[in-house]
Amino acid sequence: MLSKGVEKICRDIKALRIQGARNVAQSAIKAMALQARESDAESVEELKSDLLVAADELARARPTEPMLQNSLRFLFVEMGKYKRKDVHELKEILAHEEKVLLNRFSANASKIADFGAQEIPKNATILTHCHSSTVTGAIKRAYDLGKNPSVICLETRPRFQGRITAEELGRHGIETTLFVDSAVASVMREATMVLVGADSVLSRGDLINKIGTLAVAQVAYDSDVPFLCCAELSKFDPLTIFGRVTEIEERDPKEVADPKKFKRVKVRNPAFDRTPAKYISAYITEKGVVSPHAIATIAMGEFSLE
Ligand code: RUB
């Protein structure tokens, strides 16, 4: 049976109370450990079936998140490596693997912050879109190293995650300015570089990220402003190598406009868009700065398809 705690985490992910690919993946791993702790299964088979139900619910809470799916897959692969004796032992394995994965997430975020900070020139103005914990980590690291960055945040309609970025960076002491999304073409000339996060990285090096990222990338390209993406390699979607087409999540139109006020208007709310590799100068990963054309090879070396 699904634990109440896991049900709540799924609801919070769907409602964007937990947002950003990394936070979603971290919460899902914590949810799996919670499911194991709270399960009253009496046999290993029962516990495994509880865990599969939880993993399925979590994976479906945000379908466009390879980091979530890869992390859940990793958990089951690791669990399969142990010779299980009883329910108690399996629960301990889950608790141990939760720690391993969470530590890996934070170590990788820290490495990307280091590589990202290296890429940020002194006194740079960085334009960013939405809220990526990986991007804010890199900008804060650059600031802590005395590079004096300033930041242009786009608000990111309809849920305004850009405001979360602006507030977080402002609190850190970084000079931050908030703009509406449609100011991107006007304000790009003030930017030294663009830094965005990733939800999914595809086999040809294309990027899936918050809706509006493609427009930012095209404007950056036309303005000769480098467009870099901070992405842990677990954002890579291995199934795109075999031709899987990434489906873009369409969220409730109510997030955009109240349907009662727009009775004869169809409102749509795609959550993400795809930025082709040709607009992307480089990916900043935990292994270093990588060209979009090399990212699939490097990512595939990092994790298996089991
Ligand atoms: C968030 C978003 C972020 C990526 C990367 O969208 O597009 O850029 O998820 O974030 P939403 P991170 O708010 O819909 O989840 O670097 O924290 O993984």
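Figured I'd write up the structure that's included with this text. (Residues numbered from 1 in each chain as written. Predicted model: local features only at pLDDT ≥ 70, side-chain atom pairs only at ≥ 80, totals over all residues. Heavy atoms only, no water.)

**So, the packing of aromatic side chains**
Right, on to step 1. Under the definition given, this model contains 1 aromatic pair.
Right, on to step 2. Pairing Tyr-221 with Tyr-279 gives two aromatic rings, centres 5.0 Å apart and planes at 90°, and the pair type is edge-to-face. Of this pair, Tyr-221 sits in helix 9 (residues 213-222) while Tyr-279 sits in the loop between strand 8 (272-275) and strand 9 (282-285), placing them 58 residues apart in sequence.
Right, on to step 3. Assessed through its relative accessible area of 44%, Tyr-221 is described here as partly exposed.
Right, on to step 4. Owing to a relative accessible area of 13%, Tyr-279 belongs among the buried residues under this scheme.
Right, on to step 5. It is Arg-163 that lies over the ring of Phe-160; its NZ or CZ is 4.0 Å from the centre. (Phe/Tyr/Trp six-rings, centres within 6.5 Å; stacked < 30°, edge-to-face > 60°. Helix = DSSP H or I, 4+ residues; strand = E, 2+ residues; numbered from the N terminus. Buried < 20%, exposed > 50% of the residue type's maximum accessible area, 1.4 Å probe, protein only. Lys NZ or Arg CZ within 6 Å of the ring centre and 35° of its normal.)

**So, empty space enclosed by the protein**
Right, on to step 1. Here the structure, examined in full by the defined rule, presents 2 cavities of 30 Å³ or more.
Right, on to step 2. Lining the largest cavity are 22 residues, and of these Gln-19, Gly-20, Ala-21, His-131 and Asp-199 sit closest to its centre.
Right, on to step 3. Across the lining of the largest cavity, the residue classes break down as 5 nonpolar, 11 polar and 6 charged.
Right, on to step 4. Reported here for the second largest cavity is a volume of approximately 40 Å³.
Right, on to step 5. Lining the second largest cavity are Leu-16, Pro-158, Arg-159, Gln-161, Lys-210, Ile-211, Arg-251, Glu-255, Asn-269 and Ala-271.
Right, on to step 6. Its residues assigned to classes, the lining of the second largest cavity comprises 4 nonpolar, 2 polar and 4 charged. (1 Å grid on protein atoms, 1.4 Å probe; cavity = no way out; pocket = protein on both sides within 12 Å on 5 of 7 lines; lining within 4 Å. Points joined across faces, edges and corners; volume = space filled by probe spheres on them. Nonpolar A, V, L, I, M, F, W, Y, C, P; charged D, E, K, R; others polar.)

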